[in-house]
Amino acid sequence: MEVDQEVFQRVRVVKDDSDKYKSEFKIGRRTYTRQYNKLYYQRLNTLKPHVHEHARQKWEGQKQQIKWTQRVLNVEGPEPTYIIGTIFIDTTAKPSTLEQVEKTHWIASPEVPETYRGEGEEVHLEDESGRIRLVGAAIDTATIASGVVAAVMGSETPDGQFDVIDMCFAGMAPQPARAVDDTQDKFVALVSGLNASVEQPVTLEMQLLAEYLCGNAGGSADQRRSAQIVHTIVAGVTHIPEPPLGHTEDPRANDRVPVQGLVAAVDEFLADIAATMPLTLMPGSRDPADIALPQQPLHPGMFTQCRTYSGFRSTTNPAYIDIDGTLLLGSSGQNVEDLSRYAVHNESPCQLAARSLLWRHIAPSAPDTLWCYPFTQYDPFIVRRCPHIYFFGNQPAFDVVMAKGTDAQETHVIAIPTFSTTHTVVLLNLRTLECSTVHIGAPKD
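Residues numbered from 1 in each chain as written. Predicted model: local features only at pLDDT ≥ 70, side-chain atom pairs only at ≥ 80, totals over all residues. Heavy atoms only, no water.

Chemist: How should the pairing of strand 19 (residues 424-429) be read in this particular structure?
Modeler: Regular strands have side chains that alternate between both faces of the sheet. Of all six residues that make up strand 19, six are buried, and the element is covered over most of its length. By the alternation rule, side chains of strand 19 split into Thr 424, Val 426 and Leu 428 and Val 425, Leu 427 and Asn 429, which are all buried. For strand 8 (residues 187-191) and strand 19, the ladder comprises four bridges, and the chain directions are antiparallel. Of the residues in strand 19, the one forming a bridge with Ala 189 is Leu 427. (Buried < 20%, exposed > 50% of the residue type's maximum accessible area, 1.4 Å probe, protein only. Helix = DSSP H or I, 4+ residues; strand = E, 2+ residues; numbered from the N terminus. Pairing = 2+ DSSP bridges.)

Given below as structure tokens:
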């Protein structure tokens, strides 16, 4: 007896503008002979007017008018005032790139502690005139990172320091209107941390993931949901080439055959997905890519099969992605991981990421404790348009929080769990912006 099997047609987006912001984090011709002072200068000059506007509304409208002292070195006396500048946290716990190079004779990822905050730290606020040390309970208990542009309100102490009473930031950037298709549900699959290795390039869970996304796994309900997935985003750490390429002290470094096999296997795995829907691939902390942010797209030579599909895109980390009128901003997680080392409370990665949107900067600790390219004309990590979705990958667990601005901005901040350990993929509904998770795994006996 023949059994009729229901056939599902994959939903398509009305407008896929994934390439609209592809040059946002592109570097072009790279040179590392520049100093980082121009990056800090561009950051302060860009964010200072927004910080000043928020500070003026917050403090100058009080009964006791709090005036703005335009240069930090012009603060005088106990009269309350506020100043604007860039936060710098000086602590012995922070890693030193120069010491790392001196010890190993080659540039590797620096060893980092669990926290940068602690005893012996000094917090300063600096602008083009100089710097002043910040003290007081308001600064000691604040979750703040080096590189954040802030306004601080308080007064000068007898020994020339600044006693902070309150703080103010740039706030969330203007948010573009979102075009919503109310006719049907469409989903974006968010996955990160595949961690494909030479020993096991494609795991059973990765094979099941590809089958699920392509609509070849599960029952009718699963296949119906799979047919509604219109785009897949892989947020970093797809490959783990071991040993590190270019580390000539390891005799295995010149043996390319295992790595070539890894790259070919991952290419075939991704091509199966790219054959059915648009696929965006971001580099991560352990992928064969630049370690400094923004990481540039993985080399196209690694994806001979994926490149045959028009929907495949190898993009930067971080990256803006516009899908069906919904603006997504994503990273592979290095920026949020570094922010967690500045936290003084038990804040989740999602809460820290949401806080960075209020700072209007997603990687303020770069270049102090987070490696980045020495930009001189602009700071690409400044959030100039507030996304509807801000996701970041390679997290221990799934989480989502809502970041809200003073001008009705709302951003869903999503932590994408590491797939190799959680076997979890996140599905984002483009109509409602709600998230759900799907656990991928073989049936248990």
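Next comes the rest of the write-up.
Chemist: I would appreciate a short explanation of the side chain of Asp 127 in the present structure.
Modeler: Of note, Asp 127 is situated in strand 4 (residues 122-127). For the buried residue Asp 127, which engages in no salt bridge, the nearest side chain bearing the opposite charge is Lys 48, 5.0 Å off. Looking at Asp 127, its side chain comes within polar contact range of the side chain of Ser 129, at 2.6 Å. Beyond its immediate stretch of four places on either side in the chain, Asp 127 contacts Leu 44, Gln 70, Arg 71, Val 72 and Ile 84. (Lys, Arg positive; Asp, Glu negative; His and termini not counted. Salt bridge = Lys/Arg side-chain N within 4 Å of Asp/Glu carboxyl O. Polar contact = N/O pair within 3.5 Å; in protein donor to acceptor, adjacent residues only side chain to side chain. Contact = heavy atoms within 4.5 Å.)

Chemist: Where do I start with the pairing of strand 16 (residues 389-395) in this structure?
Modeler: Of all the seven residues making up strand 16, six are buried; the element is thus mostly covered by neighbouring parts of the structure. Two strands pair when backbone bridges link them, and strand 15 (residues 326-331) and strand 16 are joined in this way by four bridges, in the parallel orientation. Looking at strand 16, one finds that Leu 328 is bridged to Ile 389.

Chemist: How should the pattern of salt bridges be read in this particular structure?
Modeler: Pairing is possible between side chains that carry opposite charge, provided their charged atoms lie close to one another. Taken as a whole, this structure holds 14 salt bridges when the rule is applied. Ionic pairing is found between Glu 121 and Arg 117, a salt bridge with its closest N-O pair at 2.8 Å. When its relative accessible area of 8% is taken as the criterion, Arg 117 is described as buried.

Chemist: How do you make sense of helix 1 (residues 37-59) when you look at a structure like this?
Modeler: Along an α-helix, a turn takes 3.6 residues, which lines up residues three or four apart on a common side. Along helix 1, the largest kink reaches about 40° and is centred on Lys 48; proline Pro 49 follows within four residues of it. Restricting attention to buried positions, one finds in helix 1 the residues Leu 39, Gln 42, Arg 43, Leu 44, Leu 47, Lys 48, Val 51, Ala 55 and Trp 59. Where the residues of helix 1 are buried, they touch strand 2 (67-68), strand 3 (81-90), strand 4, strand 6 (149-156), strand 7 (162-168) and helix 8 (349-359). (Bend = angle between axes of the 7 residues up to and from the residue.)

Chemist: Is there a simple way to think about the packing of aromatic side chains in this case?
Modeler: Pairs of aromatic rings are described using the distance from one ring centre to the other and the angle between the two planes. On inspection of all chains with the given rule, the structure shows eleven aromatic pairs. Taking 6.0 Å as the distance between ring centres and 15° as the angle between the ring planes, the aromatic pair formed by Phe 25 and Tyr 320 counts as stacked. Highlighted residues: Phe 25 in the loop between strand 1 (16-17) and helix 1 and Tyr 320 in strand 14 (residues 319-323), separated in sequence by 295 residues. Note on accessibility: Phe 25 and Tyr 320 belong to one class, buried. Between Phe 303 and Phe 312, the aromatic rings sit 5.3 Å apart at their centres with planes inclined by 50°, giving tilted as the arrangement. Here Phe 303 and Phe 312 have matching classes, each one buried. Each residue in the set Tyr 21, Phe 25, Tyr 320, Tyr 373, Phe 375, Tyr 378 and Phe 381 is aromatic and connected to the rest through ring pairs, giving one cluster. Sitting over the ring of Tyr 320, Arg 385 keeps its end group 5.2 Å from the ring centre. (Phe/Tyr/Trp six-rings, centres within 6.5 Å; stacked < 30°, edge-to-face > 60°. Lys NZ or Arg CZ within 6 Å of the ring centre and 35° of its normal.)

Chemist: So what exactly am I meant to see when it comes to the sheet that holds strand 10 (residues 229-235) here?
Modeler: Strand order in this open sheet of six strands is 13-12-10-8-19-20, and the pairing throughout is mixed. Edge positions in the open sheet fall to strand 13 (312-314) and strand 20 (435-439), since each of these has one partner strand only. Across the sheet, the axes of successive neighbouring strands diverge by a mean angle of 20°, strand direction being ignored. Strand direction decides the pairing type here: strand 8 and strand 10, joined by five bridges, are parallel. Its bridge partner lying in strand 10, Leu 190 is registered against Ile 233. Across the sheet, helix 4 (residues 204-213) lies against strand 8, strand 10, strand 19 and strand 20, angled at about 155° from strand 10, the strand it touches most. The strands touched by helix 5 (residues 220-227) within the sheet are strand 8, strand 10, strand 19 and strand 20, with strand 10 carrying the most contacts at an inclination of about 80°. (Axes fitted to C-alpha atoms, helices over the stretch in contact; angles between N-to-C directions.)

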